[in-house]
Each structure stands twice: as C-alpha cells, then as structure tokens.
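Examining the three-dimensional arrangement
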Protein chains: 2
Amino acid sequence: MKIIIDAMGGDNAPQEIVKGAAMALSQDRELKVVLTGDEAKIKAALAGLAYDPARLEIVHCTEVITNDDAPTLAIRQKKDSSLVVALKMLKEDADAAGFVSAGSTGAVLTGALLRVGRIRGISRPAVCPALPTAKGGKVLIIDAGANAECKPVNLCHFALMGTAYARAMGVKEPRVGLVTNGTEEHKGDPLHQESYHLLKSLQGIRFVGNVEGRDIMSGDIDVAVCDGFSGNIALKTAEGTALAVMSVIKQNIKASFAAKLGYALFMRGAFKKIKKVLDYSKYGGAVLLGIEKPVVKAHGSSKAESVCAAVLQVRDAAQSGLVGSIKEMLSGVDLEIGADA
Amino acid sequence: MKIIIDAMGGDNAPQEIVKGAAMALSQDRELKVVLTGDEAKIKAALAGLAYDPARLEIVHCTEVITNDDAPTLAIRQKKDSSLVVALKMLKEDADAAGFVSAGSTGAVLTGALLRVGRIRGISRPAVCPALPTAKGGKVLIIDAGANAECKPVNLCHFALMGTAYARAMGVKEPRVGLVTNGTEEHKGDPLHQESYHLLKSLQGIRFVGNVEGRDIMSGDIDVAVCDGFSGNIALKTAEGTALAVMSVIKQNIKASFAAKLGYALFMRGAFKKIKKVLDYSKYGGAVLLGIEKPVVKAHGSSKAESVCAAVLQVRDAAQSGLVGSIKEMLSGVDLEIGADA
C-alpha cells in the first residue's frame, strides 16, 4: 500500500514528518511512502535514520503552502507546492491509497476538494477527529470545523460518513448523537430541529437522538454529529479543558508536599499513560470524510510519533475500504437526502 | 439584605435547599432569607438545623413547577408555585435584593423575564456561569444557553453584561473574547463575523478578538462571549471533558498497584481539592444577566453547599450594584447597539 506524505506541512516539517514516515515504514513491511517536498531537506532529514530505501520515494517540489497563505489562492497558484503535487498524485496514481499532511487545515481541505474531488452525493466533506471517552473508547466528532455554515442535509451526510468510519474502526453498530443545547426533541435552532427529524428517519444509521456537550466524551455515543461551527468549538473546548484540568492537577500536586512525594515515588508512570490517552494528537489526526480517497490532517504541531500514527491511520482507512462504504451507504438512502444540496 | 429562595426547585428540594439557606444565614449575620414552598415540608427540613429564626421567613405555596412543565405555560398557570410567588415578591418587595432557584432553567429564565422584567435596552437576557481556568482564576461564559438563536446586537449586550459582572467579581479590566471556530478576523458564520466588527468598536469593553474553544479556560480571557447555542455546547463539553479526564485518571490509578498505593498514602487530599476546583457547581450557579434584579440559577443537582454558595453569590451581585452597572454601561454605548433589537 502506497501512502503519500506532505513532507513540508506542519510546525516541525520536514524533520519530524520524515522521521514519522520512516517509523511507519518500520512498523508495516507492506507499506510504501512517497514524500513530497524539498529533496535536499528531506534527504538531510533522512540522514542517520534506519529505513528501507526501496519503499521510500521522494518527489521534489520547490514550493510550500503555509498557514499565512489564503487556501484557495495558494492551491491554484502554488502548483509546485508539496501539498498540490501530493494531491495531484493521489488523484492520478491508482496505486496511491491515501494522503497525510500536517499543514494548514484550510489548504488541505480546499486542496482535497479541488484536486482530488468529493464523493458524488456529498456536497460538504467534513473533518472527523476522534476523542477519548470516559469509558476508555473513542468518539468521532463530525464536522469539527470544515463547514462553519451547514444545512440539514449536510448533517445527515455527516451522520452517514461518521457511521461508515466508526464501522471501519471496528464499532459494529455506531450510536449517532446530534449535538445540541439540550436532549429534548425540540431543542436547538431551526438547523438542528430540522436535522433531528431527518436523522430520525435516515436509513443506515443508529440515531440515538439529541445529546449535549457533556455526552460527547461520556462513552455513550460513537459519533457526535455537529455543524462545523459548534463542532469546532466542542473539539477545542474539550482540548482546552483537558489541558486546564491537567494544569489544575499539577498545581495542586506541587502545592502539597505529600502529593509531590506520592507523585515522585508512585505515580509518574500512571500519569504518563494518562497524558498519552488524553493527548488526542498522539493517535493520529482528523480524517477528511467525503473525499474520493482517504486524507488525514495531522495536528500542526505533530512530532514523528503522531505523523507515524497518522500514516497508519490513513492506511487503515484505505484498507477498510472506507470510501466504498460511504458510497454504499449513500446509495441506500432516500434520494432527497442523498442528492447534492 | 434579603434574598428569596425557591425551596422547591431542584433534584434535592426541599431538604438541601433549606439546609443551604440555613448555612448561608450562619455565614452572613446581615442576611435574611425568604423560602417559598410547601410550609410543612420546609419546616420538616428545618427541624434539627441551627439557624436564626428571626432572619428566616417561609411563604407557603401549594404548587411546584417541574422540569416536565412547559416553561411559559407553567409560569402563566401555576400562579401559586414556589417559583412564581418568589419572582412576584422579588419584583414587588423593594427590600428583596435577589433570588436563587435550583429548578428548571427554562422556567426560571421565562419566569424572570415575564415576572421581574428585562433591563431596558437588553432584548435578550443571558445565562452566565463561571468556569475555573488553567491559571487558577475564573472565566465567565455568556450566553451559556438562554438564547439558541442570536443577533449581533445580542452578543454585544452579552459582552457588556459579562464585563459588568466580571468587574463586580473584582476583575478590573476584563478581557472579552468572541468564541468562534478560529482566531482570524474573518472566521465564523455571518452572525459571528458581524458581531466581531461590532465588538471591535464597542465602547466600554476590552475586546481581545476572536478566541477558540481551547482559549476559554486558558486563563487568557475573563469573559467568553458566545451565542447561546454554541455557548451551551462549550459549557457542557467543558463539564463532560473534566468528568472524562477525571475518570481516565481514576482508571489509570486503579490499574497500577504503585499508583493506587501512592494515591492512598499521599494524594487523597490533593485530589479532593482538585475535584472541588473543577466542580463548578460547587461555587454557586449561573447568574441571569439582563434581568431587573439579580437571579442565580443553581445547578439542578445542587446540595446544601452549592445552594449556600449560590445565595452568597446573588448577595454579592446585589451588593456590588450589578444591575446599576449594566444600566450605566448601556447608557454609554451607541444607540444603535444599545437599542432593542
């Protein structure tokens, strides 16, 4: 399986991206990677790393798209950028199974839309990250920020795509909740009220009704359907709260001599594990669902470990036949909902 | 100072409400409380409690509004309910300085609007709870759920009222952030884009620009302005995440013998403190801002300690002259924004 990696995207590119790619190669002997970017810099980053050169290809490009670039303009103009070259290859090379970038979210999304294309019937592809739950599992948030404005039909597509992805991750009958400001049927603004009624009768998903923000990480749902605006706020509030809680814990441990001693003697290991569970960037990135081939947007601050996780994540998505499953789900639903908005 | 308390609202009414009222009386010798509700039940709950009977009045009512009642209908029809009787007294008794209820949020909000009235110039009162921050302070979220649909002028009012309340809580120049799906100026849907521009030129507030969900609890802002829909999702996601994080920590401590021992020997005390900091219901409730007198909605699951905190919170709001400060701030801003929407 061949995965393309944007070697120049992200805060720690190309060093950590290249290192992550090499890590992924050593973890999966069937894997091939293509790194797009500045060849000299990629080769410098590869120096000293142990990897199988037969399974690593470099495609040289002269440009880089940064967070300061306006996404649409950059995708159209920077034709020799590591992102655009990678996406062109993803579209044209039948062997290319998926793509990973830690670069600008806007540019990755716009580029995937313009250069790879949407799945027929999906008007709005969505960003779909996973968060840990209180019960030790994972929950998908879809859409976590691709679409600040949505229509009810988009939320139905999010529910279908989230269900397909949760299944690909091994959840047999994913429970889908609509995130609103209350659990009652009439809650929310007109967008969410109408979406509730469409979701209730949507075939192919297991809709459990409206849920609140506090239910997202409870472990009681597998897919949290959101409009991209409030989904982004939910995702980032969860991220910020986890950081704030850990910071409050640290402060209180530091402030107590006994707790400090207990931590040093007994708890360091447990806390390392806790941090790993809570740091969602550690297990890869957010999948863009609704694109013709799997694309994973890794966190901008990704280090090698996260890049490696993102590469394995996009491999898993490709291997599970995710795009095919989404198409199959779409073909099973009412035309009115399955059609473009 | 006289505070009215709905003795029948909340999951633990009237026992814990009455107990909380007695606690508040013992903590403030200047305080008087009026309990509205079933006199026999209130008296039964008072039995055995130490309190000054000269500062506690019971006003008997025969009805109770529950979470199952439709708010507007209940406020109009259940005229002898503990909530409606309390609100009538709050409006008519010049000595009544504020009101606390742990009952249905919808009923408390609707009742306050219909029976006590809005501050002139505020078209949409808002719910304003405080959350702990990573830096040990507090942050206000406004609106946390009163208005699922908002206009830009409402968000400006939220910014003004939040600023007034943060000042009343001792923050000299409260930093106000607009919660959107990114920090750039153009982020968000049209509501938030337009609100950004209004807030930028709004007199009397210290607007620091757009913030993301992860910034809410960072300690870098004092007032998080939200539309009521996404504000509710942010608040409840924060609540749920804090619970999920604590649960992950518990699981990991239990799973490790060393960590379990360290916890038992050294860390129990620190964790009790941590839980207290994180449990926002412990320090009172959410103030309804934009009502002619201070109203605090305590958490439905409030125990005596939280009820006591909510009573002292509404006392503080009244003593600080919060309603007057909001009126003053409104008189200082452009008519276009200060006027009813």
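Residues numbered from 1 in each chain as written. Chains lettered and ligands numbered in written order. Predicted model: local features only at pLDDT ≥ 70, side-chain atom pairs only at ≥ 80, totals over all residues. Heavy atoms only, no water.

So, on to the overall build of chain A. Broken down by element type, chain A carries 12 helices and 12 strands. Computed over its C-alpha atoms, the radius of gyration of chain A comes to 21 Å, within 12% of the 20 Å expected for a compact globule of 341 residues. Taken along its principal axes, the extent of the C-alpha atoms in chain A is 60 × 60 × 35 Å. For chain A, the residues scored as buried account for 59% of the 341 residues in total. Pairs at least 24 residues apart make up 73% of the contacts formed inside chain A by residues separated by at least 6 positions. Surface exposure of chain A reaches about 13,700 Å², of which carbon and sulfur atoms provide 50%. Taken together, the 41 basic and 37 acidic charged side chains of chain A have centroids lying 6 Å from each other. (Helix = DSSP H or I, 4+ residues; strand = E, 2+ residues; numbered from the N terminus. Rg over C-alpha atoms; globule rule 2.2 N^0.38 Å. Buried < 20%, exposed > 50% of the residue type's maximum accessible area, 1.4 Å probe, protein only. Contact = heavy atoms within 4.5 Å. Areas by Shrake-Rupley, 256 points an atom, 1.4 Å probe, with all protein chains shown as cover. Lys, Arg positive; Asp, Glu negative; His and termini not counted. Charge placed at Lys NZ, Arg CZ, Asp CG, Glu CD.)

Turning to the sheet that holds strand 3 (residues 56-60) of chain B, a few remarks are in order. Residue and element names in this part refer to chain B. Read across the sheet, seven strands follow the order 3-2-1-4-12-11-5 without closing on themselves; strand pairing throughout is mixed. Across the chains shown, the open sheet's two edge strands, defined by having one partner strand only, are strand 3 and strand 5 (126-128). The average undirected angle you get between the axes of adjacent strands in this sheet is 25°. Bridge count for strand 2 (residues 32-37) against strand 3 is five bridges, and the pairing is parallel. Residue pairing across strands places V33 opposite L56, the latter belonging to strand 3. Lying on the sheet, helix 2 (residues 39-46) is in contact with strand 2 and strand 3; it crosses strand 3 at an angle near 150°. (Pairing = 2+ DSSP bridges. Axes fitted to C-alpha atoms, helices over the stretch in contact; angles between N-to-C directions.)

Residues and elements named next belong to chain B. Summed over the entire model, instances satisfying the criterion amount to five aromatic pairs over all chains. Measuring from centroid to centroid gives 5.6 Å for Y196 and F207, while their planes differ by 70°, and the two rings are edge-to-face. Taken as a pair, Y196 in helix 7 (residues 190-200) and F207 in strand 9 (residues 206-211) lie far apart in primary sequence, 11 residues in all. The pair Y196 / F207 is uniform in exposure class, with both members buried. Residues Y263 and F271 carry aromatic rings whose centres are separated by 5.4 Å and whose planes lie at 65° to one another, so their mutual orientation is edge-to-face. The exposure class of Y263 is partly exposed, given its relative accessible area of 24%. Judged by its relative accessible area of 6%, F271 falls in the buried class. (Phe/Tyr/Trp six-rings, centres within 6.5 Å; stacked < 30°, edge-to-face > 60°.)

Expressed as a screw transformation, the operator carrying chain A onto chain B has a rotation angle of 180° and an axial translation of 0.0 Å, and the superposed copies differ by an RMSD of 0.0 Å. Interpreted geometrically, this transformation is the action of a two-fold axis. Residue by residue, 100% of the interface of chain A is reproduced at the interface of chain B, so both copies engage with the same surface. (Least-squares fit on C-alpha atoms with pLDDT ≥ 70 in both.)

Here we take up the interface of chain A and chain B. Counting residues at the interface gives 55 residues for chain A and 55 residues for chain B. Between chain A and chain B, a total of about 4,500 Å² is buried, with carbon and sulfur atoms accounting for 74% of that surface. In terms of surface lost to chain B, no three residues of chain A exceed R214, F229 and F266 of chain A, which account for 15% of the buried area on that side. Measuring nitrogen to oxygen at the nearest pair gives 3.1 Å for the salt bridge that ties R214 of chain A to E239 of chain B. (Buried area = accessible area lost by both parts, 1.4 Å probe. Salt bridge = Lys/Arg side-chain N within 4 Å of Asp/Glu carboxyl O.)

Let us now look at the side chain of H192 of chain B. By the element assignment, H192 of chain B lies in helix 7. A distance of 3.1 Å separates polar atoms of two side chains, one belonging to H192 of chain B and the other to D227 of chain B. (Polar contact = N/O pair within 3.5 Å; in protein donor to acceptor, adjacent residues only side chain to side chain.)

What follows is about helix 2 of chain B. All names here are of chain B. Turning to helix 2, its buried residues number three or more, namely I42, A45 and L46. Angular distribution of buried residues about the axis of helix 2 spans 100°; they occupy a single face of the element. Those residues of helix 2 that are exposed and angled more than 90 degrees off the buried face are A40 and A44. The backbone nitrogen of A40 has a side-chain oxygen 3.1 Å away, supplied by the residue at the start of helix 2, namely D38. In the stretch just after helix 2, G48 is the one whose phi turns positive, near 90°. (Arc of directions from axis to C-beta.)

Helix 8 (residues 228-255) of chain B packs onto helix 8 (residues 228-255) of chain A with a crossing angle of 40° between their chain directions and a minimal axis gap of 8 Å. Between helix 8 of chain A and helix 8 of chain B, the interaxial angle falls into the category oblique. Two packed elements cross with a definite hand, and for helix 8 of chain A against helix 8 of chain B that hand is right-handed. Seen from helix 8 of chain A, the contacting residues are F229, S230, I233, A234, T237, A238, T241, A242, V245, M246 and I249 of chain A; seen from helix 8 of chain B, they are F229, S230, I233, A234, T237, A238, T241, A242, V245, M246 and I249 of chain B. Considered class by class, the residues forming the contact of helix 8 of chain A with helix 8 of chain B number 16 nonpolar, six polar and no charged. (Parallel < 35°, antiparallel > 145°, perpendicular 65-115°, else oblique. Left-handed = near helix turned anticlockwise from the far one by under 90°. Nonpolar A, V, L, I, M, F, W, Y, C, P; charged D, E, K, R; others polar.)

With eight of 11 residues buried, helix 4 (residues 82-92) of chain A lies mostly within the body of the structure. Burial in helix 4 of chain A covers these residues: S82, L83, V84, V85, A86, L87, M89 and L90 of chain A.

Residue and element names in this part refer to chain A. On the basis of which strands lie adjacent, the open sheet formed by five strands has the order 6-7-10-8-9 and mixed pairing. Each end of this open sheet is capped by a strand with a single partner; those strands are strand 6 (130-132) and strand 9 (206-211). Strand-to-strand, the axes of this sheet are offset by a mean angle of 30°, without reference to chain direction. Here three bridges tie strand 8 (residues 175-179) to strand 10 (residues 223-225), and the two strands are oriented parallel to one another. When the bridges of strand 10 are listed, V176 appears paired with V223.

Turning our eyes to something else, we now look at the confidence of the model for chain A. In the predicted model, chain A carries a mean pLDDT of 93, and 97% of its residues have values of at least 70. Taken over the whole predicted complex, pTM reads 0.92, whereas the ipTM for its chain interfaces reads 0.90. (pLDDT = per-residue confidence, 0-100.)

Right, let's get into a nonpolar patch on the surface. Taken together, the side chains of F257, L261 and L265 of chain A present a nonpolar region at the surface, about 330 Å² in accessible area. The exposure class assigned to L265 of chain A is exposed, which follows from its relative accessible area of 52%. (Patch = residues over 30% accessible without salt bridge, like charges linked within 9 Å, V, L, I, M, F, W, Y side chains within 5 Å.)

Residues and elements named next belong to chain B. Position of A107 relative to the elements: it lies in helix 5 (residues 105-116). When the C-alpha atoms of A107 and C156 are compared, they prove to be 25 Å apart, with 49 residues separating the residues in sequence. For A107, the residues in contact, after removing those within four places along its chain, are I65, P71, I75 and L83.

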